[in-house]
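Here is how the chains run, residue by residue.
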Amino acid sequence: MGDREQKAGDFDQAEARTAAAGPRAVPSLVDGEHHPVDRRTVKVARIIGFSVVLLISIVPLILFTIGWAVGAVPGPVYLSVLGIWLLLLASSLLIAYRWPAARHRHLRYLVEEDGLCIRRGVFWRTVIWIPITRVQHTDVSQGPVQRRLGLGTLTVHTAGTAGASISLAGLEQGIASRLSHHLRPARATDAN
Amino acid sequence: MPTEVRRLHRWSAPFIAAGTIRVLMLPIIGAVLASGGVLLSRLDLLSVLFVVPACVYAFITQRVYTYRFTEHELVVRDGLLTRNVRHVSYERIHNVALVRNPIHRMLGVATARVETAAGGKPEALLRVISLEAAEELRRYTLGEERTAASTDSAETTGEATPTLQIPDRELVRLGLISNRGFLVVATFLGAASQGQWWDQDWFTEQDWSGIFAGVQARAPGWVGWLFDSQTVVSKVFLGLAVLLLLLVVIRVLSMAWYLVRYRGFTLHQQGEDLRADYGLWPAVSSVIPAHRIQLVTISASLLHRWFRRASIDVETAGSTDSDSGLGAASGTASTRQWLAPIIEIERAHELVRKVLPEVALDGLEWKPIEARAARRIVNRIAIAVTPITLGIAALFTLAPIPVSGWQALWLPPVVLTTAWLAARQWVRRTGYSLSECAIYFRSGWIGRQVTAVRFVNMQTVSMNQSPFDHRKRMASVAVDTAGAGSTGHRIHIPFLDVAVAEGILSRLYEETRRTEFRW
């Protein structure tokens, strides 16, 4: 509950900032263009990807090093394991570096007066249309890395099953809040 | 006008206890098995561990569980230490299912489950209340107009002709069509292999050859020949006879199962909703809110079609499987339920139209999927067949049998020709149709299914492309609905040309954009 209030607080602040910028200063979201999300989201994904890869790979390295130091693992075996480990690490890091960029390249969103369209997918591609008439509620959330860069994730909830919650990560926080406001069902948009 | 506080029926405690023990059954069985059956002899321990807590819980629940009706909502209070007050608005309630097994009926009570669109667990589980209380519950929760409608229909129930009534001979036919019997046999075998309760020693100690000899002596000559002679023909005959016997047994079990579960299946129109009553054990009376039906599917297997029958099922948002309290408790229940387990093909469309007037399944203009899809299906199978062929070839070569590995090369042409023929049939019979207010998708060759979703019930629409789709300029279109189960036929149109798929997508978006979703 407290968490939700916290989020709402952030959200209100973002809202206030966009309001302070003045309505004319902000271009309309509905511009008929397929926008990419903020480029910095690639950085976020890379930071997270690198941390995960390093965290996972460091454990076997430490174990083997201890084994070698104690004498349980013979030198040649240790060296070959080290080689394989380096190879795996290098390829994982390469993927962690390249994949976010590819994903970013293939992610586009289009805002319509009465809906949102998201296309995404590098190999398996999806185009999904979410009409405002089917939006139940929306969330805007921020992870710790996202917060430092001023990015946010918009999640749209529908009454559906497979598409019960659809997330769009890596939006600039201000845009995420405005989009969330834009997508909320009629009585919420009246306030705008 | 708020009513006074209502309590559960005075016979509630045993039902609550039984329900709890039923949920605990799995851990109990687990504990007994883990102890190697020792626990069975320690009934005192078992009861202290499971039965006593269940009973205490039941008595407390019976005391503290209360509910009352206010103007707009049902207010349920529960809990001794952790108190819980739940407000359920009548508007959100869309099903009040009553479950009654023979014991319920003996005592004139029912378990009532109040369900909303939220899905998963029922919003309130009243275990148990009297029939009058159940009637009151339905009257309050199902709203003013529906109250009027339901009292109306209650007065005229005697004369009103039900929308659908399934006679026993249809259920027998259904048993013949379906494979339920396998499930009964499997359950029995599973139980038999677990427990010690059926005496294997007795089985092995029987003088089986003596019994056979006795049978032979009494049976006519040709039976004796079957058992005596060692020719291949007699063995084949014997095998076939056993198989036939097994099939007959399974079919008979199927019929029995359907007669018990669906005996007297009747569908009544009740206001705007439908009410299905069926079953000897348990006897189920469930309201299917017609306007909360999200999706309707008509299925016909090969056997169905031989009998000129089909089955109709619907998915309602949030409602849980109406005939099992357990499923609802675990929150994994399917939202699919029968509108008609069996119905004449000619009447199926009529029934669907009666329930969902906008959905007209006859006279649809079906549009095909891409004909070149057949080639892709065969390609997929070819990819699967190659390693299998190589594997079999290797097996034949290595195994000490007088069959050459080259024999395995017969496999690909045979499989692929069959696949090609089947795929072409499948592609020819798979298609979609768009009407004024609904989208339809049909698929299947041997077993066929048609699913319809009204535009108002669509949530999000999407177009998907696998890497292969992308290479062949194809795509699939999927429609998401509320309360979709993980299994079952739904709107997912594969193998469309990209341009066609995009056309369908924008049309569907247009339809969802300008219609409101109603619960």
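Which residues make up the overall build of chain B, and what values go with them?
Per the secondary structure count, chain B includes 19 helices and 21 strands. Looking at chain B as a whole, 43% of its 519 residues are labelled buried. Summarising the internal contacts of chain B: among those between residues at least 6 apart in sequence, 60% fall at separations of at least 24. Per element, the accessible surface of chain B, about 27700 Å² overall, is 64% carbon and sulfur.

Could you give an account of the pairing of strand E5 (residues 151-158) of chain A, naming the residues involved and the relevant values?
Here is the key point about a regular strand: its side chains alternate between the two faces of the sheet. Residues and elements named next belong to chain A. For E5, a buried count of eight out of eight residues is recorded, marking the element as mostly surrounded by other parts of the structure. Burial along E5 is two-sided: the residues Leu151, Thr153, Thr155 and His157 and Gly152, Leu154, Val156 and Thr158 are all buried. As judged from the six bridges shared by strand E4 (residues 135-141) and E5, these two strands associate in the antiparallel manner. The residue bridging Val135 from the neighbouring strand is Thr158, located in E5. Pairing of E5 with strand E6 (residues 165-172) involves seven bridges; the strand directions are antiparallel. When the sheet's bridge partners are listed, Val156 is paired in E6 with Ile166.

Just give me the short version of the interface of chain B and chain A, but keep the residues and values in it.
In this assembly, 26 residues from chain B lie in contact with 23 residues from chain A. Taken together, both faces of the contact between chain B and chain A bury some 2000 Å²; the carbon and sulfur share is 51%. It is Gln459, Thr460 and Tyr509 of chain B in chain B that bury the most area against chain A; as a group they hold 28% of the surface buried on that side. We note a salt bridge from Arg513 of chain B to Asp114 of chain A, for which the minimum N-O separation is 2.5 Å. Linking chain B with chain A are 20 residue pairs in polar contact (both at pLDDT 80 or more). Mapped onto the side of chain B that touches chain A, the elements with two or more residues apiece are strand E19 (458-465), helix H18 (467-471), strand E20 (474-481) and helix H19 (498-514) of chain B. The dominant element in the side of chain B that touches chain A, judged by the number of residues it contributes, is E19 of chain B, at eight residues. Here the side of chain B that touches chain A is composed, by residue class, of 12 nonpolar, 11 polar and three charged. With five bridges connecting them, strand E3 (residues 125-131) of chain A and E19 of chain B associate as antiparallel partners. Residue pairing for E19 of chain B: Trp129 of chain A is matched across the bridge by Val461 of chain B.

Which residues make up the packing of helix H2 (residues 40-70) of chain A against helix H3 (residues 75-105) of chain A, and what values go with them?
Residues and elements named next belong to chain A. Between H2 and H3, whose axes approach to 9 Å, the crossing angle comes to 170°. By the angle class used here, H2 and H3 are roughly antiparallel. Tallied by class, the residues present in the contact of H2 with H3 amount to 18 nonpolar, seven polar and two charged.

Describe the nonpolar core, and please don't skip the residues or the numbers.
Residues and elements named next belong to chain B. Ranked by size, the top nonpolar core spans 37 residues in total, and within it Leu267, Ile312, Leu339 and Leu351 carry the most contacts. In this structure Leu351 touches Thr163, Leu164, Leu267, Ile312, Leu339, Ala340 and Ile343, once residues within four positions along its chain are discounted. Listed in part, the 34 residues of the second largest apolar core include Ala475, Ile493, Val498 and Leu508.

Give me a nonpolar patch on the surface: which residues, what numbers.
Taken together, the side chains of Ile58, Val59, Ile62, Leu63, Ile66 and Val70 of chain A define a hydrophobic patch exposed on the protein surface, amounting to about 560 Å² of accessible area. Mapped onto the secondary structure, Val59 of chain A falls in helix H2.

Account for the sheet that holds strand E17 (residues 438-443) of chain B, with residues named and values stated.
Residues and elements named next belong to chain B. Read from one edge of the open sheet, seven strands run E14-E13-E12-E18-E17-E16-E15, paired in antiparallel fashion. At either end of the open sheet lies a strand with only one pairing partner, and these are strand E14 (336-344) and strand E15 (367-368). With five bridges joining them, strand E12 (residues 293-300) and strand E18 (residues 448-454) adopt antiparallel strand pairing. Bridge pairing links Ser299 to Gln449 in E18. Across the face of the sheet, helix H17 (residues 411-429) comes into contact with strand E16 (431-434), E17 and E18 while running at roughly 165° to E17.

An account of the side chain of Arg134 of chain A is requested, with residue identities and associated values reported.
Mapped onto the elements of the fold, Arg134 of chain A is located in the loop between E3 and E4. Lacking a salt bridge, the buried Arg134 of chain A has Glu516 of chain B as its closest oppositely charged neighbour, with an N-O distance of 5.8 Å. Within the local environment of Arg134 of chain A, its side chain forms a polar contact with the side chain of Thr133 of chain A, the two groups lying 3.0 Å apart. Discounting chain neighbours no more than four positions away, the residues touching Arg134 of chain A are His157, Thr158 and Ala159 of chain A together with Phe455, Val456, Met458, Gln459, Thr512, Thr515, Glu516 and Phe517 of chain B.

I'd like to hear about the sheet that holds strand E21 (residues 492-497) of chain B, residue by residue, with values.
Taking strand neighbours across the sheet as the criterion, the six strands line up as E1(A)-E2(A)-E3(A)-E19(B)-E20(B)-E21(B) in an open arrangement whose pairing is antiparallel. Strand pairing shows two members of the sheet lacking a second neighbour, strand E1 (108-112) of chain A together with E21 of chain B, which therefore form its edges. Across the sheet, the axes of successive neighbouring strands diverge by a mean angle of 15°, strand direction being ignored. By the bridge criterion, five bridges tie E19 of chain B to E20 of chain B in an arrangement that is antiparallel. When the bridges of E20 of chain B are listed, Met458 of chain B appears paired with Thr481 of chain B. Relative to E21 of chain B, helix H16 (residues 373-398) of chain B is tilted by about 110°, and along the sheet it contacts E20 and E21 of chain B. Across the face of the sheet, H19 of chain B comes into contact with E1, strand E2 (115-120) and E3 of chain A together with E19, E20 and E21 of chain B while running at roughly 165° to E19 of chain B.

About the thresholds
- Residues numbered from 1 in each chain as written.
- Chains lettered and ligands numbered in written order.
- Predicted model: local features only at pLDDT ≥ 70, side-chain atom pairs only at ≥ 80, totals over all residues.
- Heavy atoms only, no water.
- Helix = DSSP H or I, 4+ residues; strand = E, 2+ residues; numbered from the N terminus.
- Buried < 20%, exposed > 50% of the residue type's maximum accessible area, 1.4 Å probe, protein only.
- Contact = heavy atoms within 4.5 Å.
- Areas by Shrake-Rupley, 256 points an atom, 1.4 Å probe, with all protein chains shown as cover.
- Pairing = 2+ DSSP bridges.
- Buried area = accessible area lost by both parts, 1.4 Å probe.
- Salt bridge = Lys/Arg side-chain N within 4 Å of Asp/Glu carboxyl O.
- Polar contact = N/O pair within 3.5 Å; in protein donor to acceptor, adjacent residues only side chain to side chain.
- Nonpolar A, V, L, I, M, F, W, Y, C, P; charged D, E, K, R; others polar.
- Axes fitted to C-alpha atoms, helices over the stretch in contact; angles between N-to-C directions.
- Parallel < 35°, antiparallel > 145°, perpendicular 65-115°, else oblique.
- Core = buried A, V, L, I, M, F, W, Y, C linked by side-chain atoms within 4.5 Å.
- Patch = residues over 30% accessible without salt bridge, like charges linked within 9 Å, V, L, I, M, F, W, Y side chains within 5 Å.
- Lys, Arg positive; Asp, Glu negative; His and termini not counted.

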